[in-house]
Each structure stands twice: as structure tokens, then as C-alpha cells.
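Descriptive structure summary
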There are 2 protein chains.
Amino acid sequence: MAADLNAQTQRRDAIVRILRQNAVARQAELVTLLHREGHDATQSSVSRDLRELGVVKGGDRYLLPDGEDALTPSHFETVRSFVKGYRAAGPTLTVLRTSVGTAQSVAIALDKAGWPEVIGTIAGDDTIFIATESAKAQRRLHDHLRTHFGR
Amino acid sequence: MAADLNAQTQRRDAIVRILRQNAVARQAELVTLLHREGHDATQSSVSRDLRELGVVKGGDRYLLPDGEDALTPSHFETVRSFVKGYRAAGPTLTVLRTSVGTAQSVAIALDKAGWPEVIGTIAGDDTIFIATESAKAQRRLHDHLRTHFGR
DNA sequence: CGCAAATGTGCATAATTATGCAGAGCGTGT
DNA sequence: ACACGCTCTGCATAATTATGCACATTTGCG
């Protein structure tokens, strides 16, 4: 039995993406779809993930919470190329560097994502400070960043 | 096994009201709450009602669809006293009489209710024409009207 | 680095929800 | 008034989802 934190993060991101594009009626389906893109998961984990993600089941399909809908996959696609890299500055602060003048838009995309581990962000011109509550939260954040912007 | 059409309407209205006020986690609870106010129903019926009403289950409680939230119970309370009565005018038209000058507000409350059997309404000064698709739909409408405004 | 506390998982299974069926109440047309 | 058809129900049960446990890893600390 594995406990790969990163795997969980990626799987949840995948779940959100899948639910955006398909009408999924049951967890078993979701498990199949996840397998198809390389994610290994059981109905148990999916059940827990869905609750954690605040996903709702309406009649015959799972629905993402309202806020999430606002964030189109393309949101990240657009700003992906602006991101130069990121590094931890202590256990609760992460500094992300971007192309000059694009920090604001990247920060906005990050805020819209609504990742729970993020307490707040401040964007300058080419730098974003991302505050997290703990080292653990920071790890989550980095998992997310890695998933969306590459290592 | 009974098939009291009116009972269904009233029960569904009750379900909506209950869900507005309480956080209900399972259908069995809902059955209990319904019993408490005199509605006789089984989990089977409740399951079907919830689907029909478009109710959604989020994590650990049932949630009403967004639109419904707008209509406060008090909405009907306010206009209840304006309604003088109503009669069918043919199988698909219902004429509702109100106090002079209040027809508009009553019609607005009706529209907000979003009852599926209602195709449209027109309000004059003290009269509202309510169009329904069929005799059957008209019966539904009358059930609703009876529930909210009395016989 | 070593140990205790957390976290995440799968498995097996309990808990909950959905549904096929058959019966009952009503409305409709003759 | 009678027959036919439709809708709504409950029951029994299938289908689906949630969760107690035990265990593998990881994280936090001294």
C-alpha cells in the first residue's frame, strides 16, 4: 500500500479535469478513466477524493463546485510559459519567478485555482510570493506547481 | 399502494422546505422528517423525488438547485392573502383572481416558483392567466395552488 | 539517524441509494 | 358506468458509495 503524496495531488487534478470534460455517473467509471491516463486508484480513494474536492453528485452525474468551473484548463495553459521557476524560501514561503510583467496574471491564475494549501499571494513585476501554512502545505503547493508548470 | 397525485406534490414541496432549513445527510432522515409532519413516504419515493427536484448531494448533505434558493418560503406568505381564488377555464388555462392591483406581485411569485407544469403567466390588475400544457399539467398546478393558497 | 505521529491506501464490508415489478388510484373516452 | 392507460407507490433487492482496519510511507523531532 503506497502513500505517495504527489500521486494523490496529481490524481485529484486529473479528476477535476476529467469531470470538466465528461459526464461521469459513477466512481467506477472515474476509476476506469483515471487508469486510462496512468493513474492507479481504487473506488475507495476516488470516493475520498471526491468528498475532499467538494464534488457534488446531481441526479446522474458528478458536478464540480461552482468556483472551480470558472477556472478553465486553458487558464493555466496561457500562463504556463510565463513561469520561469520557483523555490522554497523557508518552510512556508515559496517564491515563483516569471517573465517580466507577467507576475500579476500568473498570480491571478493561481488564486483562481483555489488550492486549499495556499493562504495568499502577492505579485510584483516578475516575482510572486506564495504563503502556505506549513511545510506540509508547501509540499502540496509544490506538487501542484510541478503538475501544472513542470519541474 | 396509493397513487394520490396531490400527496406527491405536497410531499415535494415539503422536501424543498425541509432541505432549506435542515442539513439532511440521508434519505432515511428525510423520511423521518416527512413523517413528523404527516407525510407518508418511503425511501423509494424520496429517492425519486430528489432526482425529480434536481436536488444534488454534496459530500454529506443534500443541496437544493441554485434557482430554488431564491424563492424564500416567505415569498408565498406575502402574497397569500392577495389571492381570492382560481378556476380552470378549459383544460389548459387557469384564471386566478387577486385583490385589485396585486396581480403583478402574485404572478412574480408564481414565476419564481418555477413549477415545471406552468408554461407562462400574464397578469393584469386583479387577474392572472396561467397557461399549462395539458389537463394533467393543470391538475398539477391546481395541486400546487391548493398547497400554497388553500382550497 | 531513530522513533512516534500522521497520512494515504487497498480490501472487505457496512450503509445508502436506485430501480424492476406488480398493484392501486384516477382520468379519459365510449 | 366500464375498460384502458398512465402515474405513483411500496417492496425487495441490485447497484453504488462510504468507511473501519491494518499496514506502508512519510513527516516531524530530538
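Right above here is the structure, for reference.
Scoring rules and cut-offs
Residue numbers run consecutively from 1 along every chain, following the written order of its sequence. Written order determines the labels here, with chains lettered from A and ligands numbered from 1. A pLDDT threshold of at least 70 governs which residues receive local features in this predicted model, and a stricter bar of 80 or more applies before side-chain atom pairs are shown or counted, although totals over entire chains, interfaces and linings include all residues. Side-chain metrics rest on all non-hydrogen atoms present in the structure, leaving aside hydrogens and water. One requirement defines pairing of two strands: DSSP has to find at least two bridges between them. Helix and strand assignments come from DSSP, with helices taken as H or I runs of at least 4 residues and strands as E runs of at least 2, each series counted from the N terminus. All axes are obtained by fitting lines to C-alpha atoms, using only the stretch in contact for helices, and the reported angles, taken between N-to-C directions, cover 0 to 180 degrees. Residue exposure (1.4 Å probe, protein chains only): buried if accessible area is under 20% of the type maximum, exposed if over 50%, otherwise partly exposed. Contacts are residue-level and defined by heavy atoms, with any inter-residue pair within 4.5 Å sufficient. Each direction from the helix axis to a C-beta atom contributes to the arc, which is the arc of those directions.

Digging into the sheet that holds strand β3 (residues 83-88) of chain B
Residue and element names in this part refer to chain B. The strand order across the open sheet built from four strands is β3-β4-β6-β5, with neighbouring strands paired in antiparallel fashion. Here the strands that pair on one side only, and so sit at the sheet edges, are β3 and β5 (118-123). Pairs of neighbouring strands in the sheet enclose a mean axial angle of 20°, with direction left out of account. The pairing of strand β4 (residues 93-98) with strand β6 (residues 127-132) spans five bridges and is classified as antiparallel. Directly across from L93, in β6, lies its bridge partner A131.

Focus on the environment of H142(A)
All names here are of chain A. Relative to the helices and strands, H142 is located in helix α7 (residues 135-149). Overall, H142 belongs to the buried group, its relative accessible area being 14%. Here the alpha-carbon distance between H142 and I128, two residues 14 residues apart in the chain, equals 14 Å. In contact with H142, other than residues within four places in its own chain, are Y86, A88 and T94.

Focus on the sheet that holds strand β5 (residues 118-123) of chain A
All names here are of chain A. Pairing within the open sheet is antiparallel, and its four strands lie in the order β3-β4-β6-β5. Edge positions in the sheet fall to β3 (83-88) and β5, since each of these pairs with one other strand and no more. On average, each strand axis in the sheet is inclined to that of its neighbour by 20°, with strand direction left out of account. Here helix α6 (residues 103-113) sits on the sheet and contacts β3, β4 (93-98), β5 and β6 (127-132); the angle it forms with β6, its principal contact strand, is near 25°.

Description of helix α3 (residues 43-53) of chain B
Residues separated by three or four positions in an α-helix point in the same direction, a consequence of the helix having 3.6 residues per turn. All names here are of chain B. Every buried residue of α3 is listed here: S45, V46, D49 and L50. An end-on view of α3 places all buried positions within 135° of arc, on one side of the element. Facing away from the buried side of α3 by more than 90 degrees, the exposed set consists of R48, R51 and E52.

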